[in-house]
Amino acid sequence: MIGIIDSGIGGFTVLNALRVMAPQADVVYLADIVGAPYGSKNDAAIAARVRHGLRILRAHGATTIAIACHTASVIASSLGEPLDDVVTMVDASVDCIADASPRRCAIVATPATIRSGTYARRCRVLGVMPEDIATADLAPAIESAAPRKVIARIVEHIADAVCVRGCDAVLLGCTHFPIARPLFDAAFAARGAVIRIIDPTAAVAAAVAARADAGGDAVLRVLVSANSATFSVHVVARYSGVPI
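Residues numbered from 1 in each chain as written. Predicted model: local features only at pLDDT ≥ 70, side-chain atom pairs only at ≥ 80, totals over all residues. Heavy atoms only, no water.

Colleague: Hey, could you run me through helix α4 (residues 90-100) in this one?
Modeller: Residues that lie three or four places apart on an α-helix share one face, since the helix turns once every 3.6 residues. Inspection of α4 places V90, A92, S93, V94, C96, I97 and A100 among the buried residues, and these make up the whole buried set. Tucked inside the fold, the buried residues of α4 contact α3 (70-75), β5 (104-109), α6 (118-126), β7 (169-173), β8 (196-198) and α10 (201-211). Following α4 by one or two positions, S101 has its phi on the positive side, about 50°. (Buried < 20%, exposed > 50% of the residue type's maximum accessible area, 1.4 Å probe, protein only. Helix = DSSP H or I, 4+ residues; strand = E, 2+ residues; numbered from the N terminus. Contact = heavy atoms within 4.5 Å.)

So this is what it looks like as structure tokens:
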């Protein structure tokens, strides 16, 4: 059984990629609505939610767990417990940056992810100049199904910052952000900018599939820490018939 944890729908990007790579795998997905959004919380609060989420997934039989949230992933090392069964977003993201070989890479992520300095440090080790761009608004806008024009406006502000800083690549450092990938593509195209967009979700899914038992009955179970009508709509739209 594979477990996936996120504060909401962002982890669906990893789940979707995993479904392609390991279509028969049984998956239990935990949306920690109570803790959302992780990206604006302090480290101790995030660690407490992630620790609790890991316990829930293990109790439901998960033997390999993807922390499908960059903010939770950068906090994971401070949890003070074994993580042998856990795959985070960090290593796969750094590998994707290395493969892209940019000169200057924008790290577009939540304030908590940026505050950790994790990606900036790892970029410097690679010889890549990092440019931190924190956004507290984009993930909640995507999660709440805000109007497209609202999300597009946030993405356009990010694109302006990326271009002003002279970046040739951008890491989508939140699993919600690939959901808005068409808006990122449009924003950079409108500015005549050639920017490599790095989306590590497929690489993370591949790492999970390589470690987990890919056999099963393709069962998907979705758990929530609190009821959310908006989240339920997202689930129905993507995975019709899956109980919550």
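Colleague: Please explain the sheet that holds strand β6 (residues 129-134) as it appears in this structure.
Modeller: Pairing between the strands of a sheet comes from backbone hydrogen bonds, and it takes one of two forms, parallel or antiparallel. Across the sheet, four strands lie side by side as β6-β5-β7-β8; this open sheet has parallel pairing. A single partner strand is all that each edge strand has here, and the edge strands are β6 and β8. Taken over all neighbouring pairs, the strand axes of this sheet differ in orientation by 25° on average, direction set aside. As defined by bridge partners, β5 adjoins β7 across five bridges and the pair is classed as parallel. Residue A109 lies in a different strand from β7, and its bridge partner there is G173. Packed onto the sheet, α4 meets β5, β7 and β8 and runs at close to 160° relative to β8. Relative to the sheet, helix α9 (residues 181-190) contacts β7 and β8, its axis offset from that of β8 by approximately 160°. (Pairing = 2+ DSSP bridges. Axes fitted to C-alpha atoms, helices over the stretch in contact; angles between N-to-C directions.)

Colleague: Looking at this structure, how should I read the packing of α4 against α6?
Modeller: Think of two packed helices as two axes; the pair is described by the angle between the axes and how far apart they sit. Orientation of α4 relative to α6, taken along the N-to-C sense of each, is 40°, at an axis distance of 10 Å. Looking at the two axes, α4 sits oblique to α6. As for the relative orientation of α4 and α6, their crossing is right-handed in sense. Residues V90, D91, S93, V94, I97 and A98 of α4 form the contact with α6, whose own contacting residues are T118, Y119, R122, C123 and L126. Residues that form the contact of α4 with α6 fall into these classes: seven nonpolar, two polar and two charged. (Parallel < 35°, antiparallel > 145°, perpendicular 65-115°, else oblique. Left-handed = near helix turned anticlockwise from the far one by under 90°. Nonpolar A, V, L, I, M, F, W, Y, C, P; charged D, E, K, R; others polar.)

Colleague: Explanation requested: the nonpolar core in the structure shown.
Modeller: Nonpolar side chains tend to gather and get buried jointly when the protein is soluble and globular. Judged by nonpolar contacts, the single largest core of 92 residues is most densely connected at V162 and F184. Here the element with the most residues in this core is helix α8 (residues 148-164); it accounts for seven residues. (Core = buried A, V, L, I, M, F, W, Y, C linked by side-chain atoms within 4.5 Å.)

Colleague: I'm lost on the environment of F12 in this one. Help?
Modeller: By the secondary structure assignment, F12 is in helix α1 (residues 12-21). Judged by relative accessible area, F12 falls into the buried class, the value being 1%. Distance from F12 to T175, taken between C-alpha atoms, is 8.1 Å for residues 163 residues apart in sequence. Ignoring anything within four residues of it in the chain, the contact list for F12 reads Y29, F231, H234, V235, R238 and Y239.

Colleague: Help me understand unusual backbone geometry in this model?
Modeller: Each neighbour pair has its own omega, and for A36 with P37 the value is -10°, a cis peptide bond. With respect to the helices and strands, the residue P37 is situated in the loop between β2 (27-31) and α2 (43-59).

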